[in-house]
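# Structural overview for review
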Amino acid sequence: MFALMDIWHTILNIVHSADTIQLVLMAVVALGAGFMMMELGAVVTTTLIALVAYAVLTFILAVVLQHADAGALLTADWKAFEAMTALALLSYAILFGVVIAVVSTIRGRVLG
């Protein structure tokens, strides 16, 4: 039970600590992945691809809008990924996976 509460609190921390641009970017990536997924059995693969797409789009957003140095940012992002805990990565995967599964199910019911 404590593990589920840790995951839930990490998911809430991700949602509450993100700014509006990051939340919109998460929603766009998850909604797009949900619309592109053909069957619910591919939710794990689609979630992993969506997480990679989110990371790449976040990098591009930082380089384009914030005029960050691409090489230094790439190194900093890689170090941050290496330091990321498994709990945070699992929480991101659950967050994306649930949204993708719900969107794909709704799309399948509506569009047939």
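Before going into details, it helps to say that this report is about the structure given with it. Every value quoted in this text rests on a predicted model; they were computed, and no experiment measured them.

## Quick notes on the overall build of the protein chain
When helices and strands are tallied, the protein chain shows 5 helices and 0 strands. The principal-axis extent of the C-alpha atoms belonging to the protein chain is close to 45 × 35 × 25 Å. Across the 112 residues of the protein chain, 27% fall into the buried class. If you take every contact in the protein chain between residues at least 6 apart in sequence, the share linking residues at least 24 apart comes to 79%. A total of about 7,600 Å² of accessible surface is found on the protein chain, and carbon and sulfur atoms cover 75% of it.

## Section: a nonpolar patch on the surface
Residues Leu90, Ile94, Val98, Val102, Ile106, Val110 and Leu111 make up a contiguous nonpolar surface patch of roughly 640 Å² in combined accessible area. Along the polypeptide, Val110 turns up in helix H5 (residues 86–111). For Val110, a relative accessible area of 63% puts it in the exposed group.

Thresholds applied
- Residues numbered from 1 in each chain as written.
- Predicted model: local features only at pLDDT ≥ 70, side-chain atom pairs only at ≥ 80, totals over all residues.
- Heavy atoms only, no water.
- Helix = DSSP H or I, 4+ residues; strand = E, 2+ residues; numbered from the N terminus.
- Buried < 20%, exposed > 50% of the residue type's maximum accessible area, 1.4 Å probe, protein only.
- Contact = heavy atoms within 4.5 Å.
- Areas by Shrake-Rupley, 256 points an atom, 1.4 Å probe, with all protein chains shown as cover.
- Patch = residues over 30% accessible without salt bridge, like charges linked within 9 Å, V, L, I, M, F, W, Y side chains within 5 Å.
- Salt bridge = Lys/Arg side-chain N within 4 Å of Asp/Glu carboxyl O.

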